[in-house]
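Chain residues, written in single-letter form:
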Amino acid sequence: MPHPEDPAPFPPGWPKGRYLATRRAMKVLRLADHLLRNGTAYTPNEATDELIHAAASQTDQGAPSETTCALVRAVLMLLLAPALTASPADGDTSRRVVRMVLTMEDRPTT
């Protein structure tokens, strides 16, 4: 079942691994967003597998795999790392660019 925030169908001709990795990345971002917006997890340590599974059921998504749960924690760490580790004396960390590369079958998707 497509989600309202899903874009139009992906362009034809992509390799299957790229479709799968893109769908997984979108699911990971939706789950991380849900955890942050509802205040159920503010750090990667708080985002347990059980909490991520509960978030998936609340957002009408399929049960996430262990890999998806690990990626949700990684996204939370990337998003929250400046807030968790930076002090005001460290300078502006708001312009940090994050690039996430998912690997399917031992090959990068990008």
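Just above, that's the structure.
In this text the structure is predicted, and so the values were computed from the model without any measurement. (Residues numbered from 1 in each chain as written. Predicted model: local features only at pLDDT ≥ 70, side-chain atom pairs only at ≥ 80, totals over all residues. Heavy atoms only, no water.)

Student: Give a detailed account of the packing of aromatic side chains, specifying residues and quantitative values.
Tutor: Here the structure, examined in full by the defined rule, presents one aromatic pair. Ring centres of Trp-14 and Tyr-19 lie 5.5 Å apart, and the angle between their planes is 45 degrees; on these two criteria the pair is classed as tilted. On the accessibility criterion, Trp-14 (22% relative accessible area) is partly exposed. On the accessibility criterion, Tyr-19 (24% relative accessible area) is partly exposed. When the ring centre of Trp-14 is taken as origin, the NZ or CZ atom of Arg-18, which lies over that ring, is 4.1 Å away. (Phe/Tyr/Trp six-rings, centres within 6.5 Å; stacked < 30°, edge-to-face > 60°. Buried < 20%, exposed > 50% of the residue type's maximum accessible area, 1.4 Å probe, protein only. Lys NZ or Arg CZ within 6 Å of the ring centre and 35° of its normal.)

Student: Explain helix H1 (residues 16–37) residue by residue, including any values.
Tutor: The end-to-end C-alpha distance of H1 is 32 Å, a good match for the 32 Å that 22 residues give at a rise of 1.5 Å each. One or two steps after H1, the chain reaches Gly-39, where phi turns positive at roughly 70 degrees. (Helix = DSSP H or I, 4+ residues; strand = E, 2+ residues; numbered from the N terminus. Expected span 1.5 Å × (residues − 1).)

Student: Could you give an account of the nonpolar core, with specific residues and numbers?
Tutor: Generally speaking, a soluble globular protein has its nonpolar side chains buried in company with each other. The biggest cluster of nonpolar side chains holds 15 residues, and the ones touching the most others in it are Leu-31, Leu-35, Ala-47, Ile-52, Val-72 and Leu-76. Taken together, the elements giving at least two residues each to this core come down to H1, helix H2 (49–58) and helix H3 (66–85). Those residues in contact with Ala-47 that lie beyond four places of it in its chain are Leu-35, Ala-41, Ile-52, Arg-73 and Leu-76. (Core = buried A, V, L, I, M, F, W, Y, C linked by side-chain atoms within 4.5 Å. Contact = heavy atoms within 4.5 Å.)

Student: Can you lay out unusual backbone geometry for me, pointing to particular residues and giving the numbers?
Tutor: In the Ramachandran plot, Asp-60 falls in the positive-phi region, its phi being about 55 degrees despite a non-glycine side chain. Looking at the element boundaries, Asp-60 is found in the loop between H2 and H3. Overall, the relative accessible area of 58% leaves Asp-60 in the exposed class.

Student: Account for the environment of Ala-81, with residues named and values stated.
Tutor: Along the chain, Ala-81 turns up in helix H3. Residue Ala-81 is classed as buried on the basis of its relative accessible area, which comes to 14%. Residues Ala-81 and Thr-43 lie 38 residues apart in sequence; the distance between their C-alpha atoms is 9.0 Å.

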